[in-house]
Amino acid sequence: MRTSFSRKKILLVAIGILFILSLNFFQKEAKGFFYSISSPLQEKLWENGSNTSNFLEAIFKTGKLLKENEALKLRVQELLYDHNYMNVLEDENKMLREALNLGFREQIKLELAKIIGKDINRGGILLNKGSENGISNGSLVVNSQKVLVGTIAEVYKTNSKVLLISDKQSSFEVQIPSANSSGLAKGLGGSGALLDLIPKDAQIKTGDLVVSGDFLIGLIGEIKKEDASPFQQAEISPFFDISGLNKVFIILDF
Amino acid sequence: MLAKIFIFALSLFFLTLLQSSFLPHFVIFGYAPNFILILIIFIFFLMPSLDLPAAFFGGLFLDIFSSHFFGFYTSILLGTLFFIKLIARKYVQFSFK
């Protein structure tokens, strides 16, 4: 087998690397071009991947799904009770607002986008909407259940990239309503996140809801307390699951 | 040869799309294997005449679908290829009888 590198090959490689490095000067245009031509095929691949994965999961996890179904039925009953209580509060709130002559918050302007791919190396996703749809950097991305998925990090003409809340570069303020406390959520990579800087006296417990403004984030997992530290930490199990997600909403305007 | 490289580059582009849009649904412990890298190692052994173009185009397409700068994956794949070639030349002897 011939394994020696000829001068011609080395020269070709050097020219190739220089060509690729020169693409960095117009990275946005180059990436945007490839995203726009591959978008329709990626859309199909993402959908097929999602369907195949769901099908296989249904086959392999039947037992687990049955248990999960039972737990969810109980949770639905609890939530129905809460919902009923919320309806009473909502009526009361409406009456108070009318009495105080306060207007309701304006509707949020949303843009529906399809997920067409995942970042090769990071926990980011690629969407089929870009600057021509009015998307800008920093816009929040949520799913239909008002669960925060991430923020727009890169915008191209027809596509945009989302920095997921679980990404290592992601950090934002969150609240724990049940403990009337707040903290800082940091992505851990993969699909998890860490809740940091929670005051030590905050009475948080596993299963507590974590929100960021009007949007849901996840539930508190394992709690870590250290005597020397003035703060406590906790793991967050985010509500969103990229593998089961096909469409998201980009918040254009509050 | 050029037509061969073109078809090969097109196949690598399609494989990168699969890596980016189909395989994320089948992750193991949060990670999906990098099939482009695996393919390049196979190509080195099975089609050595195409290993350089494979590493070049594979790296370019991975750079496009990642958040890194252009040249990141290309350098990694070309570096890996040269390393394998070096090891193969110095320490591995192939005999075909």
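Residues numbered from 1 in each chain as written. Chains lettered and ligands numbered in written order. Predicted model: local features only at pLDDT ≥ 70, side-chain atom pairs only at ≥ 80, totals over all residues. Heavy atoms only, no water.

**Student:** Teacher, can you tell me more about the overall build of chain B here?
**Tutor:** From N to C terminus, chain B includes 4 helices and 0 strands. Reading chain B from its N terminus to its C terminus gives the helix and strand order α-α-α-α. Each of the three principal axes of chain B carries a C-alpha extent, and together these read 45 × 35 × 25 Å. Residues classed as buried in chain B amount to 44% of the 97 residues present. The long-range fraction of contacts in chain B, counting pairs at least 24 apart against all pairs at least 6 apart in sequence, stands at 54%. (Helix = DSSP H or I, 4+ residues; strand = E, 2+ residues; numbered from the N terminus. Buried < 20%, exposed > 50% of the residue type's maximum accessible area, 1.4 Å probe, protein only. Contact = heavy atoms within 4.5 Å.)

**Student:** I would appreciate a short explanation of the packing of helix H1 (residues 7-22) of chain A against helix H3 (residues 51-64) of chain B in the present structure.
**Tutor:** The relative placement of two packed helices comes down to the angle between their axes together with the axis-to-axis distance. As a packed pair, H1 of chain A and H3 of chain B sit with axes 11 Å apart at the nearest point and diverge in direction by 10°. Comparing their axes, H3 of chain B and H1 of chain A come out roughly parallel. Here H1 of chain A contributes Lys9, Val13, Gly16, Ile17, Phe19 and Ile20 of chain A to the contact with H3 of chain B, which in turn contributes Leu52, Phe56, Leu60 and Asp63 of chain B. The class makeup of the residues in the contact of H1 of chain A with H3 of chain B is 7 nonpolar, 1 polar and 2 charged. (Axes fitted to C-alpha atoms, helices over the stretch in contact; angles between N-to-C directions. Parallel < 35°, antiparallel > 145°, perpendicular 65-115°, else oblique. Nonpolar A, V, L, I, M, F, W, Y, C, P; charged D, E, K, R; others polar.)

**Student:** Please explain helix H2 (residues 35-46) of chain B as it appears in this structure.
**Tutor:** The α-helix advances 3.6 residues per turn, and as a result positions three or four apart in sequence lie on the same side. Residue and element names in this part refer to chain B. End to end, H2 covers 16 Å across 12 residues, agreeing with the expected 16 Å (1.5 Å per residue, within 8%). Every buried residue of H2 is accounted for by Ile36, Ile40, Ile43 and Phe44. Buried residues of H2 fall within an arc of 105° about the axis and therefore sit on the same side. Across from the buried face of H2, at angles greater than 90 degrees, the exposed residues are Phe42 and Leu46. Elements in contact with the buried residues of H2: helix H1 (2-21), H3 and helix H4 (72-91). Here H2 starts with a cap whose side-chain oxygen sits 3.2 Å from the backbone nitrogen of isoleucine 36, and that cap is asparagine 34. (Expected span 1.5 Å × (residues − 1). Arc of directions from axis to C-beta. Polar contact = N/O pair within 3.5 Å; in protein donor to acceptor, adjacent residues only side chain to side chain.)

**Student:** What should I look at first to understand unusual backbone geometry in this one?
**Tutor:** What is expected of a backbone is that most residues other than glycine have negative phi and most peptide bonds are trans. Residue and element names in this part refer to chain A. The backbone phi angle of asparagine 180 is positive, close to 50°, even though this residue is not glycine. By the secondary structure assignment, asparagine 180 is in the loop between strand E6 (171-176) and strand E7 (181-187). Of note in the backbone geometry, leucine 197 takes a positive phi value of approximately 60° without being a glycine. Checked against the element boundaries, leucine 197 lands in strand E8 (residues 193-199). Its relative accessible area of 41% is what places leucine 197 among the partly exposed residues.

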